[in-house]
Amino acid sequence: MWPMSIRLLKTLIAISEKGSFGAAADVVCVSHAAVSQQMKRLEAELEVSLFDRGKRSPELNQLGQAMVRKAYEVVRSYETMLVSLVGEDGLAGELTIGAVPTTLNGLVPCSIHALRRGFPKLRIRVVPGLSADLLPQVERGALDAAIISGPETALNHLNWRPFAAEPLVVLAALDAPSDEPIHLLENYPYIRFTRRAWVGMMIDRWLKEMNVEVDDCMELETLESISSMVMYNQGVSIVPQSCLPPPEPLKLKRIPLGPSINPRILGVISRGDSVKFRLIDALVAELTDAVESAGQVRVIRPREGRSQEQSS
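Residues numbered from 1 in each chain as written. Predicted model: local features only at pLDDT ≥ 70, side-chain atom pairs only at ≥ 80, totals over all residues. Heavy atoms only, no water.

A. Inspection of the overall build of the chain at higher detail. On a plain count of helices and strands, the chain comes out with 11 helices and 13 strands. Of all 312 residues assigned to the chain, the portion counted as buried reaches 47%. (Helix = DSSP H or I, 4+ residues; strand = E, 2+ residues; numbered from the N terminus. Buried < 20%, exposed > 50% of the residue type's maximum accessible area, 1.4 Å probe, protein only.)

So, in structure tokens, the structure goes:
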């Protein structure tokens, strides 16, 4: 199958995963019109109809859904063939990495910069998302790997490579009169780290276990938005301490909660049958080196990672 046809199959897969031509266009980095044209070309090549166009937004018909399953097989076979011919070191393709938002301002840019030095021909695409959203994308093969919070349950069908343990801290404004975390949590408005995130669920459980009563004022999804609210005295929060802070972190109190709560474990998840395993190994190595160089949190080495308790 010619490379252009492989591109068409990748677009078809993106439509299936994202649910619309418009959303798929963002994934494959073309316009909505180009996605439509590509699908018409694919249907012409196959001489079949893959979509029900009687609705406002075209939907995959039964044949189209069956074609998506075959497309996954063809794309994976093509990538395997390419690696066997040129080797990972000469790969000029794409590595698609998912990443939780808390890693996007420091850790991910630093590590990708280092990874590009070893693989200058490689195109790296980053897909932001919460751990619960990224995990199924890795399972389906839509992402080659993802940097996520540690899952609560064992994932025997996937490779889990922890590399950092981020302690949980209370964020407070510099002029907050107390450095006692429980006092701050119970006496100031509370800005909750979204419970859609695994680390947010873990924080919520800790508050209940410790019988800490907080006065919720808002629930936010990014560390940057929470930090800004805290800096402007809108409340206090509990967040993971960044293993690699952004270049100009906001000036805030970061008060450790100590051993009463487990750290948030960051790691890389990938499929065991990935043909890009050497690139993923290199990614893990760069992430680990970046965390170690920053010296902000504890690094998890491979031997330790196998026995490390998984944390959400």
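From this point on, the discussion continues.
B. Quick peek at empty space enclosed by the protein. A complete count under the given rule lists 1 cavity of 30 Å³ or more for this structure. Every residue along the wall of the largest cavity is listed here: V100, P101, T102, L130, S131, S149, F193, A197, W198, V199, E221 and R264. In the lining of the largest cavity, the residues fall into 7 nonpolar, 3 polar and 2 charged. (1 Å grid on protein atoms, 1.4 Å probe; cavity = no way out; pocket = protein on both sides within 12 Å on 5 of 7 lines; lining within 4 Å. Points joined across faces, edges and corners; volume = space filled by probe spheres on them. Nonpolar A, V, L, I, M, F, W, Y, C, P; charged D, E, K, R; others polar.)

C. Representation of the nonpolar core within the structure. Counting residues in each nonpolar core, the largest one holds 44 residues, and the members touching the most others are L107, I147, I148, F163, V268, I269 and V291. Contributing elements (two or more residues each) for this core: strand 3 (94–99), helix 5 (107–118), strand 4 (123–128), helix 6 (131–140), strand 5 (145–149), strand 6 (158–166), strand 12 (264–271) and helix 10 (277–294). Broken down by element, this core gets its largest block of residues, 8 residues, from helix 10. Residue contacts for V268: discarding those within four places in its chain leaves A145, A146, I147, N159, W160, R161, F163, I280, V284 and L287. Counting 30 residues, the second-largest nonpolar core is a separate cluster that includes V169, I226, V230 and I238. (Core = buried A, V, L, I, M, F, W, Y, C linked by side-chain atoms within 4.5 Å. Contact = heavy atoms within 4.5 Å.)

D. Representation of the layout of surface pockets within the structure. Quantified by volume, the second largest pocket comes out at close to 330 Å³. L223, S242, P246, P249 and R254 are, among the 22 residues lining the second largest pocket, the residues nearest its centre. If you list the elements that add at least two residues to the lining of the second largest pocket, you get strand 7 (168–172), helix 9 (223–231) and strand 10 (237–240). Take the lining of the second largest pocket: its biggest share by element is 3 residues, from helix 9. In the lining of the second largest pocket, the residues fall into 11 nonpolar, 8 polar and 3 charged.

E. Layout of the environment of I6. Here I6 is to be found in helix 1 (residues 3–18). Taking the relative accessible area as the measure of exposure, I6 reaches 3% and is therefore buried. With 65 residues separating them in the primary sequence, I6 and A71 have C-alpha atoms 8.5 Å apart.

F. Layout of the sheet that holds strand 10. Pairing in this open sheet of 3 strands is antiparallel, and the strands run 10-7-11 from one edge to the other. Looking along the sheet, the strands with just one partner apiece sit at the ends: strand 10 and strand 11 (253–256). With direction set aside, neighbouring strand axes in the sheet form an average angle of 40°. Here strand 7 runs beside strand 10; their pairing, made up of 4 bridges, is antiparallel. Across the sheet, residue V169 finds its bridge partner in strand 10, namely V239. (Pairing = 2+ DSSP bridges. Axes fitted to C-alpha atoms, helices over the stretch in contact; angles between N-to-C directions.)

G. Fine view of the packing of aromatic side chains. Counting across every chain of the model gives 1 aromatic pair. For the ring pair F21 and F51, a centre distance of 5.2 Å and an interplane angle of 80° mean the geometry is edge-to-face. Residue F21 is found in helix 2 (residues 21–28), and its partner F51 is found in strand 1 (residues 51–52); the two are separated by 30 residues along the sequence. (Phe/Tyr/Trp six-rings, centres within 6.5 Å; stacked < 30°, edge-to-face > 60°.)

H. Broad picture of the packing of helix 5 against helix 10. Close contact between helix 5 and helix 10 brings their axes to 9 Å; oriented N to C, the two are set at 125°. Compared by their axis directions, helix 5 and helix 10 come out oblique. Handedness of the crossing formed by helix 5 with helix 10: right-handed. Together, L107, C110, S111, A114 and L115 of helix 5 and L279, A282, L283, E286, L287, A290 and V291 of helix 10 make up the contact between the two elements. Partitioning the contact of helix 5 with helix 10 into residue classes produces 10 nonpolar, 1 polar and 1 charged. (Parallel < 35°, antiparallel > 145°, perpendicular 65-115°, else oblique. Left-handed = near helix turned anticlockwise from the far one by under 90°.)

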